Amino acid sequence: MRFSLSVAVVAFASLVSGQTVLTGAFDCLTEGVYTLCQNQWGASAGVGSQNSTLFSTSGNEISWATNWTWANNPNNVKTYANILHNTAKGMQLSQITTAPTAWTWTYLEESQGIRADVSYDIWFGEAQSGTPATSASSYEIMIWLSGLGGIQPVGHQIVSDLSIAGQTWNLWNGPNANWQVFSFVVSSGEIRDFSADLNDFFQYLIENQGVASTQFLQAIQTGTEPFVGSADLFIESFSAEVNV
Ligand SMILES: *[C@@H]1O[C@H](CO)[C@@H](O)[C@H](O)[C@H]1NC(C)=O
Ligand SMILES: *[C@@H]1O[C@H](CO)[C@@H](O)[C@H](O)[C@H]1NC(C)=O
């Protein structure tokens, strides 16, 4: 994400046939170890709407969805509909032994030519805790499982065809506000059934990109950044944990 509001927003939720649907621009909902947020931080650059639904949580697993439609300013991100893991954070990178994650998702509906990514957004900083995209942030690590419509991450591509976690990535790097962004972008197609050890990405950054192992993992978020088009994104299952 380029910028996001750091204020906590009290959940406003409406119950529609048993499911909790978030409709407000900054609605959030916490259930189990996850918080689902609409985060329509860039919506003023567009015209449209987005609604997100939390279906279920169980341990480290969550199932959710977001339906969005956005027009205007095709180069601007409109939102980051996302989930935040509320407890998988606060450890120094050097302490992490494994960080297994799995993510199965699909577009139930997808208009022609959508511009959107489906991505992890992981935050490192010098302090043990810090809100993403604030003065506490040193690094933003994105992992793009999908990037449709010719969109690009922050900065420039610095490495191509990197093999990590059994997949091939192009690595992008650049500054954003007071932090550095590293974006691992799937080198071709999409990964709709992903499983990996996030620590493989972290170790790569420590060994090859100068990230200090004294940095703390401050947040793991995953979700979607829509630019333009319409889509119904269904996360059948997502999980992540961090072991020390
Ligand atoms: C979101 O919900 C509002 C209010 O119910 C509705 O008008 C709008 O069409 C919905 N947007 C999408 C993308 O489903
Ligand atoms: C999202 O779209 C799907 C169909 O693709 C529909 O079943 C679901 O009810 C929609 N959810 C919301 C919140 O509009």
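Residue indices begin from 1 for each chain and proceed along its sequence in written order. Working convention: letters from A go to chains and numbers from 1 go to ligands, in the order in which they are written. Per-residue local features of the predicted model are confined to residues with pLDDT of at least 70, and side-chain atom pairs are confined, for both listing and counting, to 80 or more; whole-chain, interface and lining totals are unaffected and use all residues. The side-chain quantities take in all heavy atoms of the structure and omit both hydrogens and water.

1. Examining unusual backbone geometry
With a phi close to 60°, Ala133 is a non-glycine residue in the positive phi region. Among the secondary structure elements, Ala133 is positioned in the loop between strand 9 (115-125) and strand 10 (139-148). What makes Ala133 buried here is its relative accessible area of 12%. Of note, the phi angle at Asp161 is positive, near 50°, even though the residue is not glycine. Numbering of helices and strands runs from the N terminus, with a helix taken as a DSSP run of H or I at least four residues long and a strand as a DSSP run of E at least two residues long. By secondary structure assignment, the location of Asp161 is in strand 11 (residues 156-164). Judged by its relative accessible area of 52%, Asp161 is exposed. Think of it in three bands: with a 1.4 Å probe and only protein chains considered, a residue is buried below 20% of the maximum accessible area for its type, exposed above 50%, and partly exposed in between.

2. Notes on the nonpolar core
Core analysis: the largest hydrophobic core is formed by 55 residues, its most contacted members being Ile122, Phe124, Trp169, Phe184, Phe201 and Leu217. Looking at this core, the element that brings in the most residues is strand 15 (residues 216-240), giving seven residues. Residue contacts are counted whenever heavy atoms from the two residues lie within 4.5 Å of one another. Apart from residues lying up to four places away in sequence, Phe184 is in contact with Ile141, Met142, Ile143, Trp144, Leu162, Ile164, Trp169, Asn170, Leu171, Phe201, Tyr204 and Leu205. Take the buried Ala, Val, Leu, Ile, Met, Phe, Trp, Tyr and Cys residues and link them wherever side-chain atoms come within 4.5 Å; each set so joined is a nonpolar core.

3. Details of the side chain of Asn82
Mapped onto the fold, Asn82 is located in strand 7 (residues 81-85). Counted as a polar contact is a pair of N or O atoms within 3.5 Å, where, for protein atoms, one must be capable of donating a hydrogen and the other of accepting one, and residues adjacent in sequence contribute only when both atoms are in side chains. In terms of polar contacts, Asn82 uses its side chain to reach the side chain of Gln221, at 3.2 Å. Contact partners of Asn82, with chain neighbours within four places excluded, come to Thr35, Leu36, Cys37, Asn39, Trp64, Gln221, Thr222 and Gly223.

4. With respect to the confidence of the model for the protein chain
Per-residue confidence for the protein chain gives a mean pLDDT of 93; residues scoring 70 or more make up 93%. Note: pLDDT gives the predictor's confidence per residue, expressed from 0 to 100. Low confidence marks residues 1-17, where pLDDT is under 50. Its contacts with residues over four positions away, or in another chain, come to 44 contacts.

5. Quick look at the state of the cysteines
Cysteine sulfur atoms that pair up within 2.5 Å are treated as a disulfide. Within the structure shown, the criterion is met by one disulfide. The residue that forms a disulfide with Cys28 is Cys37, at a sulfur-sulfur distance of 2.0 Å. Judged by the torsion about the S-S bond (110°), the Cys28/Cys37 disulfide is right-handed. Cys37 gets classed as buried once you look at its relative accessible area, which sits at 15%.

6. Re the pattern of salt bridges
Salt bridges are defined as contacts in which a side-chain nitrogen from Lys or Arg sits within 4 Å of a carboxyl oxygen from Asp or Glu. Under the counting rule described, the total for this entry stands at two salt bridges. Ionic pairing is found between Glu110 and Arg192, a salt bridge with its closest N-O pair at 3.8 Å. On the criterion of sequence distance, the pair formed by Glu110 in strand 8 (residues 100-110) and Arg192 in the loop between strand 13 (179-186) and strand 14 (193-197) is long-range, its members being 82 residues apart. Given the relative accessible area of 27%, Arg192 is considered partly exposed. Arg192 is the partner of Glu190 in a salt bridge, and the nearest nitrogen-oxygen pair spans 2.9 Å. Note on Glu190: relative accessible area 28%, which makes it partly exposed. Bridged by salt links that share partners, the residues Glu110, Glu190 and Arg192 form one connected network.

7. Observations concerning the site of ligand 2
Around ligand 2 sit Val21, Thr53, Asn67, Leu108, Glu109 and Asp232, and those are all the residues in its vicinity. In this structure, Asp232 approaches ligand 2 through a side-chain N or O atom, which is 2.6 Å from an oxygen atom. Method for areas: the Shrake-Rupley scheme with a 1.4 Å probe, in which residue coverage is limited to the protein chains shown. Protein chains bury 51% of the 360 Å² of accessible surface belonging to ligand 2 in isolation. Classes in brief: Ala, Val, Leu, Ile, Met, Phe, Trp, Tyr, Cys and Pro nonpolar; Asp, Glu, Lys and Arg charged; the others, Gly included, polar. Across the shell around ligand 2, the residue classes tally to two nonpolar, two polar and two charged. If even one non-hydrogen atom of a residue comes within 4 Å of a molecule or strand, that residue is called near it.

8. Side note on helix 1 (residues 198-208)
Within the span of helix 1, buried status applies to Leu198, Asn199, Phe201, Phe202, Tyr204 and Leu205. Here helix 1 starts with a cap whose side-chain oxygen sits 2.9 Å from the backbone nitrogen of Asn199, and that cap is Asp197.

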